[in-house]
Amino acid sequence: MIFALVVCVGIYVLTTWLGPKKPSNVKLSTYECGVDPEGNARIPFPAKFYLIAVLFLLFDVEAVFFFPWAIIYKGSLAQGGHLFWAMLIYLAFMVLALIYVYRKDCLRMK
Amino acid sequence: MDWSVILIATAKIVVIYGALLSSIPILTWAERRGAAFIQDRPGPNRVGPFGLFQPMADFVKFLWKEDPIPLNVNKLLYVMGPFLTLIPASLTIAAIPVAESAVIFGREIPLQIADLNVGILYILSIGSLGIYGILFGGWASNNKFSLLGAMRSSSQMISYEIPLALSAAGAVLVFGSFSLREMVQMQDGTVLGFLPAWGICLQPLGFLIFLVASFAETNRIPFDLPEAEAELVAGYHTEYGSMKFATFFMAEYMNMVTISALMVVLFLGGWHLPWVSDAFLLDKLGSVNGLALVQALVFLAKVGFLVCFYIWIRWTLPRFRYDQLMRLAWSNLLPLSLFNLVATAFVMYLGSLS
């Protein structure tokens, strides 16, 4: 990690040190295809992005729960398959949630 | 503290990280030459033999260019953006096992920077930190194109992370371990008598999902919506110049190499040759170091093949539309990866009954 940091900082320092410095107003203004920038750049964007982020949080947390299950599953098979059925119940809830989200049209971008 | 331990660790870091860093110019060269080959034009061919020194020239040019910080940007976040994409990209390689141990001066050295017992979780979690860099960079640039690119990129990456994690969970399920080294060791030998016991044979669907999701995670065509140059100029790095711009590209190529390496470890048998067991190789070669060398070469060849596959795909397929991309992630890949998990668990359950 330290090594990675050193490489990162190193190339930054090198480029600011070596590069020419001729700032001008035009060069430092916001790029908008050569036209003078118009309005605020923090434009409103579709709320769907926010929704996707929230859904990601939910489903990723659910996905994380699969990992501890996955690692003990192989060993637990020797004592019968109760973990398989337990996971199936959990999965049913997850699929229900997915169907709900899908029916509510949350994932359609247009 | 034993100094030799630190020395060995440093040497491993320098060699593996150096290999990763030097793979970037080779990859950019391969990308451009491959593109030229597919499009039936010569490509970069002036600097050095076959244009091999072109990336070096590009690097020097990047270094010597002016590095302007535009007036309207949020300076701290603007500078942090490329940092935060490059550092996670460099860190993930640490958990990838390249080969089994080498013995030098009577000391057994596993050829892996850090043999973590939660290797796969480490890679998935550190890898997803790269989103912050892109989001910071895009937001701080104070540019409409950057903002849109960053929003697209982040929502695409988080959407595809779920199928990626779930298909990796399938591999964890089969091998019963988080440690990448143990996973590779379990892929020695054959299943059903004729197939190599690789993850791809045990988890064919999981491999496909992982492949598709990894394309999206690394922002490659056909999923390079964030920097769709026809719509968004250059996406989240529109306002970046000089080395900061190059940093984003380095991070992209590093991610590509790391995720290919992860794919090799999980699904393509790591350092194993198909139908050739380690014990047999060791017997033939007669030394542990020779075995380690062969393993490392096999591993490199597999990673190289996957990376070439990436380049091939990039210049073959057109770009998705954004709603298609999201639909693919949420309504196709996510249910498929859940099905893959259930099917795998069910087959294992049946296997335990008989």
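Residues numbered from 1 in each chain as written. Chains lettered and ligands numbered in written order. Predicted model: local features only at pLDDT ≥ 70, side-chain atom pairs only at ≥ 80, totals over all residues. Heavy atoms only, no water.

1. Thoughts on the overall build of chain B
- Across its full length, chain B carries 14 helices and 4 strands.
- Counting only residues that meet the buried cut, chain B has 56% of its 354 residues in that class.
- Here the contacts in chain B between residues at least 6 apart in sequence split such that 78% fall between residues at least 24 apart. (Helix = DSSP H or I, 4+ residues; strand = E, 2+ residues; numbered from the N terminus. Buried < 20%, exposed > 50% of the residue type's maximum accessible area, 1.4 Å probe, protein only. Contact = heavy atoms within 4.5 Å.)

2. A closer look at the confidence of the model for chain B
- Scored by pLDDT, chain B comes out at a mean of 79, with 92% of its residues at no less than 70.
- Within chain B, helix H10 (residues 229–232) of chain B has the poorest average pLDDT of any element, 62, and helix H9 (residues 204–217) of chain B the best, 87. (pLDDT = per-residue confidence, 0-100.)

3. As for the packing of H9(B) against helix H14 (residues 322–353) of chain B
Residue and element names in this part refer to chain B.
- Running from N to C, H9 and H14 point in directions that differ by 150 degrees, and their axes come no closer than 9 Å. By the angle between their axes, H9 is roughly antiparallel relative to H14. By crossing handedness, the relation of H9 to H14 is classed as left-handed. Contacts from Leu205, Gly206, Ile209 and Val212 of H9 reach H14 at Leu328, Leu333, Leu336, Ser337, Phe339 and Asn340.
- Looking at side-chain class alone, the contact of H9 with H14 contains 7 nonpolar, 3 polar and no charged residues. (Axes fitted to C-alpha atoms, helices over the stretch in contact; angles between N-to-C directions. Parallel < 35°, antiparallel > 145°, perpendicular 65-115°, else oblique. Left-handed = near helix turned anticlockwise from the far one by under 90°. Nonpolar A, V, L, I, M, F, W, Y, C, P; charged D, E, K, R; others polar.)

4. Let's talk about the packing of helix H3 (residues 48–76) of chain A against helix H6 (residues 144–175) of chain B
- Contact geometry for H3(A) and H6(B): axes closest at 9 Å, N-to-C directions at 10 degrees. Relative to H6(B), the element H3(A) is oriented roughly parallel.
- Each residue belonging to the contact of H3(A) with H6(B) can be placed in one class, and the counts come to 22 nonpolar, 2 polar and 4 charged.

5. Focus on a nonpolar patch on the surface
- A cluster of nonpolar side chains, namely Val47(B), Phe50(B), Leu52(B), Phe53(B) and Met56(B), defines an oily patch on the protein surface of about 470 Å² accessible area.
- Looking at where Val47(B) falls in the secondary structure, it is placed in the loop between helix H1 (3–38) and helix H2 (54–64). (Patch = residues over 30% accessible without salt bridge, like charges linked within 9 Å, V, L, I, M, F, W, Y side chains within 5 Å. Areas by Shrake-Rupley, 256 points an atom, 1.4 Å probe, with all protein chains shown as cover. Salt bridge = Lys/Arg side-chain N within 4 Å of Asp/Glu carboxyl O.)

6. Notes on the environment of Leu325(B)
Residues and elements named next belong to chain B.
- Secondary-structure assignment places leucine 325 in helix H14.
- Leucine 325 gets classed as buried once you look at its relative accessible area, which sits at 0%.
- Between the C-alpha atom of leucine 325 and that of alanine 216, which follows or precedes it by 109 residues, the distance is 9.0 Å.

7. Considerations on the nonpolar core
- Core analysis: the largest hydrophobic core is formed by 114 residues, its most contacted members being Trp69(A), Tyr73(A) and Leu266(B).
- Sequence-distant contacts of Leu266(B), defined by excluding residues within four places in its chain, comprise Ile120(B), Ala168(B), Ala171(B), Phe175(B), Leu180(B), Met183(B), Gln187(B), Gly199(B) and Phe210(B). (Core = buried A, V, L, I, M, F, W, Y, C linked by side-chain atoms within 4.5 Å.)

8. Comments concerning helix H4 (residues 82–103) of chain A
All names here are of chain A.
- With 22 residues, H4 should reach 32 Å at 1.5 Å per residue; the first-to-last C-alpha distance of 32 Å fits that figure.
- The complete set of buried residues in H4 reads Leu83, Phe84, Met87, Leu91, Met94, Leu98 and Val101. In an axial view of H4, the angular spread of the buried residues amounts to 90 degrees, which keeps them on one side of the axis. Of the exposed residues in H4, the ones pointing more than 90 degrees away from its buried face are Ile89, Phe93, Leu96, Tyr100 and Arg103.
- Residue aspartate 105 follows H4 closely and has a positive phi angle near 65 degrees. (Expected span 1.5 Å × (residues − 1). Arc of directions from axis to C-beta.)

9. Focus on unusual backbone geometry
- Of note in this structure, Asp40(B) is not a glycine but carries a positive phi near 60 degrees.
- Assessed through its relative accessible area of 70%, Asp40(B) is described here as exposed.

10. Looking at the side chain of Thr85(B)
Residue and element names in this part refer to chain B.
- Residue position: threonine 85 is located in helix H3 (residues 75–91).
- Given the relative accessible area of 6%, threonine 85 is considered buried.
- Within the structure, threonine 85 has its side chain in polar contact with the backbone oxygen of proline 82 (distance 2.8 Å). (Polar contact = N/O pair within 3.5 Å; in protein donor to acceptor, adjacent residues only side chain to side chain.)

11. Examining the environment of Ala279(B)
- Examined against the element boundaries, Ala279(B) turns out to sit in helix H12 (residues 278–285).
- Taking the C-alpha atoms as reference points, Ala279(B) and Asp188(B), 91 residues apart in sequence, are found 9.6 Å from one another.

12. Regarding the packing of aromatic side chains
- In total, this model carries 16 aromatic pairs over all chains according to the counting rule given.
- Ring geometry for Trp69(A) against Tyr73(A): centres 5.1 Å apart, planes inclined by 50 degrees, an arrangement best described as tilted. Of this pair, Trp69(A) and Tyr73(A) both sit in helix H3, 4 residues apart, which is roughly one turn of the helix.
- Consider the rings of Phe215(B) and Tyr310(B), whose centres lie 4.4 Å apart with planes at 20 degrees: the pair is stacked. Of the two residues, Phe215(B) is situated in helix H9 and Tyr310(B) in helix H13 (residues 288–314); the sequence distance between them amounts to 95 residues. Exposure class is identical for Phe215(B) and Tyr310(B). Each is buried. (Phe/Tyr/Trp six-rings, centres within 6.5 Å; stacked < 30°, edge-to-face > 60°.)

13. Observations concerning the pattern of salt bridges
Residues and elements named next belong to chain B.
- Evaluation of the coordinates by the stated rule reveals 1 salt bridge over all chains.
- Residues arginine 314 and glutamate 31 are paired through a salt bridge, measuring 3.4 Å at the closest nitrogen-oxygen approach. Of the two residues, arginine 314 is situated in helix H13 and glutamate 31 in helix H1; the sequence distance between them amounts to 283 residues.
- Using a relative accessible area of 3% as the deciding quantity, one classes glutamate 31 as buried.

14. Considering the side chain of Asn340(B)
- Positionally, Asn340(B) belongs in helix H14.
- Ignoring anything within four residues of it in the chain, the contact list for Asn340(B) reads Gln203(B), Leu205(B) and Gly206(B).

15. Looking at H1(B)
Residue and element names in this part refer to chain B.
- Over its 36 residues, H1 extends 51 Å from the first C-alpha to the last, a length consistent with the 52 Å expected when each residue adds 1.5 Å.
- The axis of H1 is deflected most strongly, by about 25 degrees, at isoleucine 24, and proline proline 25 appears within four residues downstream.
- Of the residues making up H1, those classed as buried are Lys12, Ile16, Tyr17, Leu20, Ser23, Ile24, Leu27, Glu31, Gly34, Ala35 and Ala36.
- The positive-phi residue at the C-terminal boundary of H1 is aspartate 40, with phi of around 60 degrees. (Bend = angle between axes of the 7 residues up to and from the residue.)

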